[in-house]
Amino acid sequence: ETFLGGVLLIPRKIFKHVDGMSTKYWGWGLEDDEFFVRLRQANIRVERPERIGSGKSNTFKDIHDSRKRKRDQTKCYNQRNLTRRRDRDTGLSTVDYTIAAQRVLQIDGAEVHYLD
């Protein structure tokens with residue numbers, strides 16, 4: 001109830017409404033905590049599936065081994081201190097990008113739009 005992480009499915013409309021995710025984070029972790037603040041402040045209810053837990057068991061496999069992937073543990077400035085505060089400076093509206101290719105895929109009968 002107080003954090004968000006792992007695998008997240010969110011409608012594009014809501015992602016745009018909260019201005020996406022902050023671009024101030026580097027490495028693995030913490031960006032999802034700030035994103036949760038964006039959702040809470042927008043009064044977006046997060047629904048969690050049953051029978052999928054968090055912690056060490058009954059959850060998704062964590063492959064962020066700090067011995068093998070040191071980059072994942074790298075943090076910029078004081079990002080850990082900022083995770084519970086809303087970043088109002090960066091987000092989807094401040095990202096500069098180019099879509100190189102688009103494809104439409106079918107996964108279990110659902111249409112998926114893939115952007116590269």
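Residues numbered from 1 in each chain as written. Predicted model: local features only at pLDDT ≥ 70, side-chain atom pairs only at ≥ 80, totals over all residues. Heavy atoms only, no water.

1. Quick word on the overall build of the chain
The criterion, for reference: A run of H or I in DSSP counts as a helix once it spans at least four residues, and a run of E counts as a strand once it spans at least two, with each numbered from the N terminus. For the exposure calls, accessible area comes from a 1.4 Å probe over protein chains only, and a residue counts as buried if that area is under 20% of its type's maximum, exposed if over 50%, partly exposed in between. Should any heavy atoms of two residues lie within 4.5 Å, those residues are considered in contact. To measure how exposed things are, a 1.4 Å probe is used in the Shrake-Rupley method; for residues, cover is taken only from the protein chains shown.
Tallying secondary structure elements over the chain gives 3 helices and 2 strands in all. Secondary structure elements of the chain occur, N-terminal to C-terminal, as α-α-α-β-β. Considering the chain as a whole, with its 116 residues, one finds that 20% of them fall into the buried category. Of all intrachain contacts in the chain linking residues separated by at least 6 positions in sequence, the fraction that spans at least 24 positions is 65%. Of the roughly 9,600 Å² of accessible surface on the chain, a fraction of 51% belongs to carbon and sulfur atoms.

2. As for the environment of Ser93
If you trace the backbone, Ser93 turns up in the loop between α3 (79-82) and β1 (102-107). Residues Ser93 and Lys16 lie 77 residues apart in sequence; the distance between their C-alpha atoms is 8.5 Å.

3. Here we look at the packing of aromatic side chains
Keep this limit in mind: Each Phe, Tyr or Trp ring (for Trp, its six-membered ring) is paired with any other whose centre lies within 6.5 Å, and the angle between the two planes then decides the class: stacked below 30 degrees, edge-to-face above 60, tilted in between.
For the structure shown, the criterion picks out 1 aromatic pair. Geometrically, the ring pair formed by Phe15 and Phe35 is tilted, given 5.9 Å between the ring centres and 50 degrees between the ring planes. One end of the pair, Phe15, is in helix α1 (residues 12-17); the other, Phe35, is in helix α2 (residues 31-41), with 20 residues separating them in the sequence. With relative accessibility at 25%, the residue Phe15 sits in the partly exposed group.

4. Brief notes about the side chain of Glu34
Operational definition: Polar contact is defined as a pair of N or O atoms within 3.5 Å, subject to the rule that within protein one atom must be able to donate a hydrogen and the other to accept it, and that residues adjacent in sequence are counted only when both atoms are side-chain atoms.
Examined against the element boundaries, Glu34 turns out to sit in helix α2. Given the relative accessible area of 0%, Glu34 is considered buried. Within polar-contact distance, the side chain of Glu34 engages the side chain of Arg38 at 2.8 Å.

5. A look at the pairing of β1
We apply this condition: When DSSP finds at least two bridges between two strands, those strands are taken to pair.
For β1, the buried fraction is low: 0 of the 6 residues fall into the buried class. Two elements, β1 and strand β2 (residues 110-115), share 6 bridges in a ladder whose sense is antiparallel. The partner of Ile107 across the bridge, within β2, is Ala110. Turn length for the β1-β2 hairpin, with the two strands adjacent in sequence and antiparallel, is 2 residues, and the turn residue Asp108 shows positive phi of about 50 degrees.

6. Describing the pattern of salt bridges
Our working rule: Whenever Lys or Arg places a side-chain nitrogen within 4 Å of a carboxyl oxygen from Asp or Glu, that contact is recorded as a salt bridge.
Applying the stated criterion across every chain, the model contains 5 salt bridges. Here Asp87 ties to Lys24 by a salt bridge, and the two come within 3.6 Å at their closest N and O atoms. On the criterion of sequence distance, the pair formed by Asp87 in the loop between α3 and β1 and Lys24 in the loop between α1 and α2 is long-range, its members being 63 residues apart. Classification of Asp87 as buried rests on a relative accessible area of 7%. Across the salt bridge formed by Asp89 and Lys24, the nearest N and O atoms sit 3.3 Å from each other. One end of the pair, Asp89, is in the loop between α3 and β1; the other, Lys24, is in the loop between α1 and α2, and 65 residues separate them in sequence. Here Asp89 falls in the exposed class, since its relative accessible area comes to 57%.

7. Side note on α2
For α2, the buried fraction is high: 8 of the 11 residues fall into the buried class. Every buried residue belonging to α2 is among Asp32, Asp33, Glu34, Phe35, Phe36, Val37, Arg38 and Leu39, and all of these are buried. Elements that come into contact with the buried residues of α2 comprise α1. Positive phi appears at Asn43, one or two residues downstream of α2, with a value of about 60 degrees.

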